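Architecture and fold: a report
Chain by chain, the residues run as shown.
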Amino acid sequence: MELWFTENHSEEVRFSIKVDKQLYSGQSPFQRIDILDTKEFGRIFTLDGYIMVTEKDEFIYHDMIVHVPMATNPNIKKVLVIGAGDGGTVRELTRYKTIEKIDMVEIDKQVVDVCKEYFKQTACAFEDSRVNLYFEDGIKFVKTKSNEYDLIIVDSTDPIGPGEGLFTREFYKDCFNALNDDGILVNQHESPYYEMFAKQMKRAHKRIEEFFPICSVYQVHIPTYSSGHWLFGFASKKYNPVNDLDAKAWNDLGLETKYYNTDIHVGSFMLPNYVKDMLKKSCEEE
Ligand code: SAM
């Protein structure tokens, strides 16, 4: 008998991976959590039937969500991470000796517990002494902060369930206030390709642009995410991610990365015309 994991990438398109074994299935107060073993992508972790992380391609997501802002401003010292329960974002951040504090706010403790047990590839840096874990709603947490962080990374689920509020105007305003004058906000920004994701991505861009003087998106190729074409948002009070990149400073750190390099940093901000068009139109409509 064959076992397959299938995720809807649009109403009319499905993506399937052959499963060797289901290792864990549980329902937390927020979402259903599954861990599966597969031959092609190694171990995979899903929430409510959507792939969050696979062993084979997680490096792309975590390299690009962390190293792009860190290379733009090498003086980042205080970081807030929202979501990110699998640990991959914190793993990459802890590689920078210059970072002094990482506050991570994950609403679902069960995600962290399950990943610590089944996903050691990503959940391997929570014990770093600079990491403070808070199991609460990131939307409420950020409201209590002002002028505090150099960088906020929103490593969230899609805008459904507990992640919905992480795509609202009010949340982006609170992030702006929680950042200091050097502040950078990077967020999981959905995909431009299929309509249901593109709608969310246009809306997020329009909302972030209301608060941040510098606001753009950059692209990555993630094979297991819908259409494979995924975006991150980069918003900032001061730093331009392309003009302010200090490639030499980042390369001098000698960090080994499998996806990120300072050429792809610049290249990822060069967008296809249809994406440029969507971003332009998002400013005209809601
Ligand atoms: N790389 C992933 C992706 O986009 O597919 C996202 C990874 S991470 C697992 C997303 C996490 O965001 C989940 O563990 C979820 O519990 C958390 N999350 C969702 N809403 C949240 C909220 N309001 N506050 C804090 N964490 C939240």
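Described in the following lines is the structure provided in the data block.

Conventions used here
Residues numbered from 1 in each chain as written. Predicted model: local features only at pLDDT ≥ 70, side-chain atom pairs only at ≥ 80, totals over all residues. Heavy atoms only, no water. Helix = DSSP H or I, 4+ residues; strand = E, 2+ residues; numbered from the N terminus. Expected span 1.5 Å × (residues − 1). Bend = angle between axes of the 7 residues up to and from the residue. Buried < 20%, exposed > 50% of the residue type's maximum accessible area, 1.4 Å probe, protein only. Near = heavy atom within 4 Å. Polar contact = N/O pair within 3.5 Å; in protein donor to acceptor, adjacent residues only side chain to side chain. Areas by Shrake-Rupley, 256 points an atom, 1.4 Å probe, with all protein chains shown as cover. Nonpolar A, V, L, I, M, F, W, Y, C, P; charged D, E, K, R; others polar. Domains from an automatic or database assignment. Pairing = 2+ DSSP bridges. Axes fitted to C-alpha atoms, helices over the stretch in contact; angles between N-to-C directions. Contact = heavy atoms within 4.5 Å.

Moving on: helix 1 (residues 58-72). Compared with an ideal rise of 1.5 Å per residue, which puts 15 residues at 21 Å, helix 1 spans 22 Å between its outermost C-alpha atoms and is within 8% of the ideal. In helix 1, a bend of some 25° at Met64 exceeds every other bend along the element. Burial of helix 1 is extensive: 15 of the 15 residues sit out of reach of the surface.

Okay, the site of the ligand next. In the vicinity of the ligand lie 27 residues, with Gln31, Glu106, Asp137, Gly138 and Tyr225 positioned nearest. For the ligand, a nitrogen atom lies 2.9 Å from a polar atom in the side chain of Asp137. Ser156 places a polar main-chain atom, nitrogen or oxygen, 3.3 Å from an oxygen atom of the ligand. Taking 600 Å² as the accessible area of the ligand by itself, protein coverage stands at 99%. Secondary-structure elements contributing two or more residues to the shell around the ligand are strand 4 (42-47), strand 5 (50-54) and helix 4 (138-143). Class assignment of the residues belonging to the shell around the ligand gives a composition of 13 nonpolar, eight polar and six charged. Two domains each provide a minimum of three residues to the shell around the ligand, namely domain 1 (3-54) and domain 2 (58-282).

Moving on: the sheet that holds strand 3 (residues 32-38). Strand order in the open sheet formed by five strands is 1-2-3-4-5, with antiparallel pairing between adjacent strands. Each edge of the sheet is formed by a strand with only one pairing partner; in this case those strands are strand 1 (3-10) and strand 5. Averaged over all neighbouring strand pairs, the angle between strand axes comes to 45°, with direction disregarded. In terms of strand pairing, strand 1 meets strand 2 (residues 13-27) through seven bridges, oriented antiparallel. Opposite Asn8, over in strand 2, you have Arg14 as the bridge partner. Set on the sheet, helix 3 (residues 109-118) makes contact with strand 2, strand 3 and strand 4; between it and strand 2 the angle comes to about 90°.

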